[in-house]
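Okay, here's what each chain looks like letter by letter:
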Amino acid sequence: MTDEQKKKLEQKLWDIANTLRGKMNADEFRDYILGFIFYKYLSERLYIYANSVLSEDGIDFADVDEATVDGKAISDAVAEAAIDELGYYLKPSELFGAVAKRGSKPGNFIIEDLARILNNVERSTMGTESEDDFDDLFSDMDLTSNKLGRTEEAKNTLIAKVLTHLDEIDFELDKADSDVLGDAYEYLIGQFASGAGKKAGEFYTPQEVSTILARIVTTGKTRIKNVYDPTCGSGSLLLRVAKEVAVGDFNGQEMNRTTYNLARMNMILHGVHYRNFDLQQEDTLEHPQHVDKRFEAVVANPPFSAKWSANPLLLNDDRYSQYGRLAPASKADFAFVQHMLHQLDDNGTMAVILPHGVLFRGAAEGHIREYIIRERNWLDAVIGLPANVFYGTSIPTCILVFKKCREYPEDILFVDASTCFEKAKNQNYLRTQDINKIVDTFRGRAVEDRFSHRAMLSEVAENDYNLNIPRYVDTFEAEEPIDLAEVAAELKANAAGMEDLDAQIAEFCAELGIEAPV
């Protein structure tokens, strides 16, 4: 599929979502349209696999009638193989195309059928390795909700329309470029995020910023053992890392159930096998789910300055104990940093997006910051991002890069990328050249006037471990000197011109017999 065809697919999916949602809020309809796309993906993936199993017998899986004895035997055999290989199963009558066709006929009610089928997908995984990955995966698709329509008929009509429109699209899953649908899914998540205001920050990091983080943590590598995101949202950051290098397995944690479901679907839609991802739903700071594992790449865009318990008992937790202080209850930014550093492997790289306040705030945060630099020397780079690049907030942000074994232990790289953007309608965005410049500067440890600076650790100590970027990168630009003689001459010439003009106006007024205004 060419880039143009890919864009057309994305636009078509968005048009379906936007046209059919009626008066429903975009972020409310999101869970339905993304859920149906996921159902279609599971259906097509299973159909292709089933036909590969049945190819020697010349049987088309869609033609199998599981209500007959022979059909049931075929269905059972395919189910056993599919659950082992794909992790789930759908009967021939439960395939997306079959349901869409039933729904397109006037008078056919498919809501109950659909609810049962989605439930069957989850049930097919029970007692298998993939059970956790499909558990309650469709729980956000409430097909009985009045948001879909006031009457059962209205709900059925809307759902049937969505299914019919989606059924007309060929996702081309049999082609080698299997990321097309995954990318389209990401595009829709981004589109919904742009219209969701503050809620968007919960589940989506703009693609340009994700790309910078992904390139930073994969610098100098073609393959990494694993990647981890403690606030994984829809999983876009994890998947972005896989766009840069081959990734062994994906790990993440997300507190919000709906967003957690989006992330699991996103993984599967991008062709990540259920055995190669481990996503958990829980509060990362209070109940970490991967605490005994270490990761080669750690990335995150945690909620900015979120509240947390700061329970003193956590000072006995291995993640926080060595620092001697906890992040304040009103700002969990450094709690996430401490947690992530605990999970970072000795040969790994960690990149985290944080608000600028973490660079200079004092008290407990100043203590933790100083400990990380003076005692551990783990901070590798500070990159200031432009304001207003995130959905739902306009505050300036930065990327902190950490390594436990640094190639340049004697200094810290500071980059001021605050001017690297282009204005759009509602927010700023980083262009390709901006992304390349930031990443190239980090990778080359390049120094450039008014853009980047390598500060020796002694310089950082002299600044009392205050990392505010203007202390290290001077962006002041002197104004050009003013030629006063030239300005005076211009004023004199203007005054002379005004005298002629006043005379002309007086002449016109005299001809009209009125008093001149000047």
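Conventions we followed
- Residues numbered from 1 in each chain as written.
- Predicted model: local features only at pLDDT ≥ 70, side-chain atom pairs only at ≥ 80, totals over all residues.
- Heavy atoms only, no water.
- Helix = DSSP H or I, 4+ residues; strand = E, 2+ residues; numbered from the N terminus.
- Buried < 20%, exposed > 50% of the residue type's maximum accessible area, 1.4 Å probe, protein only.
- Contact = heavy atoms within 4.5 Å.
- Areas by Shrake-Rupley, 256 points an atom, 1.4 Å probe, with all protein chains shown as cover.
- Phe/Tyr/Trp six-rings, centres within 6.5 Å; stacked < 30°, edge-to-face > 60°.
- 1 Å grid on protein atoms, 1.4 Å probe; cavity = no way out; pocket = protein on both sides within 12 Å on 5 of 7 lines; lining within 4 Å.
- Points joined across faces, edges and corners; volume = space filled by probe spheres on them.
- Nonpolar A, V, L, I, M, F, W, Y, C, P; charged D, E, K, R; others polar.
- Pairing = 2+ DSSP bridges.
- Axes fitted to C-alpha atoms, helices over the stretch in contact; angles between N-to-C directions.
- Core = buried A, V, L, I, M, F, W, Y, C linked by side-chain atoms within 4.5 Å.
- Parallel < 35°, antiparallel > 145°, perpendicular 65-115°, else oblique.
- Left-handed = near helix turned anticlockwise from the far one by under 90°.
- Expected span 1.5 Å × (residues − 1).
- Arc of directions from axis to C-beta.

A. Up close: the overall build of the chain. Looking only at helices and strands, one finds 16 helices and eleven strands in the chain. When each of the 518 residues of the chain is scored for burial, the buried share is 50%. Across the chain, contacts joining residues at least 24 apart in sequence account for 73% of those joining residues at least 6 apart. Total accessible area computed for the chain in this model is approximately 24,500 Å², and 48% of it derives from carbon and sulfur atoms.

B. Representation of the packing of aromatic side chains. Evaluated as defined, the whole model comprises nine aromatic pairs. The interplanar angle of 65 degrees and the centroid separation of 6.3 Å between the aromatic rings of Phe61 and Tyr89 together place this pair among those described as edge-to-face. Within this pair, whereas Phe61 is found in the loop between α2 (26–54) and α3 (69–85), its partner Tyr89 is found in the loop between α3 and α4 (96–104), the two being separated by 28 residues in sequence. Phe61 sits in the buried class, given a relative accessible area of 0%. When its relative accessible area of 7% is taken as the criterion, Tyr89 is described as buried. For the pair Tyr228 and Phe295, a centre-to-centre distance of 4.6 Å together with 10 degrees between the ring planes defines the contact as stacked.

C. Summary view of empty space enclosed by the protein. The final tally for this structure, using the stated rule, is three cavities of 30 Å³ or more. Considering only enclosed or pocket space, the largest cavity measures out at about 70 Å³ in volume. If you list the elements that add at least two residues to the lining of the largest cavity, you get α2 and α11 (257–269). For the lining of the largest cavity, the leading source of residues is α11, giving four residues. If you trace the second largest cavity, you find it lined by Phe334, Val358, Arg369, Ile372, Ile373, Leu379, Leu400, Phe402 and Leu467. At the level of elements, α13 (363–376) and β7 (397–403) are the ones that each hand at least two residues to the lining of the second largest cavity. Here the lining of the second largest cavity takes three residues from α13, the largest share from any one element. Its residues placed into classes, the lining of the second largest cavity shows eight nonpolar, no polar and one charged.

D. Structural detail: the sheet that holds strand β1 (residues 223–229). With mixed pairing, the nine strands of this open sheet are ordered in space as β3-β2-β1-β4-β5-β7-β6-β8-β11. Edge positions in the sheet fall to β3 (277–281) and β11 (452–456), since each of these pairs with one other strand and no more. When strand polarity is set aside, the average angle formed by the axes of neighbouring strands in this sheet is 15 degrees. Across four bridges, the pairing between strand β6 (residues 379–384) and strand β8 (residues 411–416) is parallel. Residue pairing in the sheet places Val382 in a bridge with Phe414 of β8. Lying on the sheet, helix α12 (residues 333–343) is in contact with β1, β4 (295–300), β5 (344–355) and β7; it crosses β5 at an angle near 165 degrees.

E. Expanded view of the nonpolar core. One finds Ile33, Phe36 and Leu42 to be the most contacted residues of the largest nonpolar core, which totals 109 residues. Sort the elements by how many residues they give to this core and α2 lands first, with 15 residues. Beyond its immediate sequence surroundings of up to four residues, Leu42 is in contact with Tyr88, Leu90, Val121, Phe134, Phe138 and Ile268. Core analysis: the next-biggest nonpolar cluster, separate from the first, contains 44 residues, Tyr320, Ile368, Val382 and Ala455 among them.

F. Main features of the packing of α12 against α13. Where α12 meets α13, the axes come as close as 10 Å, and the angle between the chain directions of the two elements is 30 degrees. Judged on the interaxial angle alone, α13 and α12 are roughly parallel. Note that α12 runs across α13; the crossing there is left-handed. Residues Asp333, Phe334, Val337, Gln338 and Leu341 of α12 touch α13, and the partners they reach there are Glu365, Ile368, Arg369 and Ile372. A class-by-class count of the residues in the contact of α12 with α13 yields five nonpolar, one polar and three charged.

G. A look at the side chain of Asp31. Along the chain, Asp31 turns up in helix α2. Asp31 sits in the buried class, given a relative accessible area of 16%.

H. Here's a closer look at α3. Helix length check: α3 (17 residues) gives 25 Å between terminal C-alpha atoms against 24 Å at 1.5 Å per residue, within 8%. Among the residues of α3, Gly71, Ser75, Val78, Ala79, Ala82 and Ile83 are the ones counted as buried. Buried residues along α3 cover an arc of 130 degrees about the axis, so they all sit on one side. Exposed and facing more than 90 degrees away from the buried side of α3 are Val69, Asp70 and Glu80.

It is worth stressing that arrangement in space is one thing and function is another; only the former is reported here.
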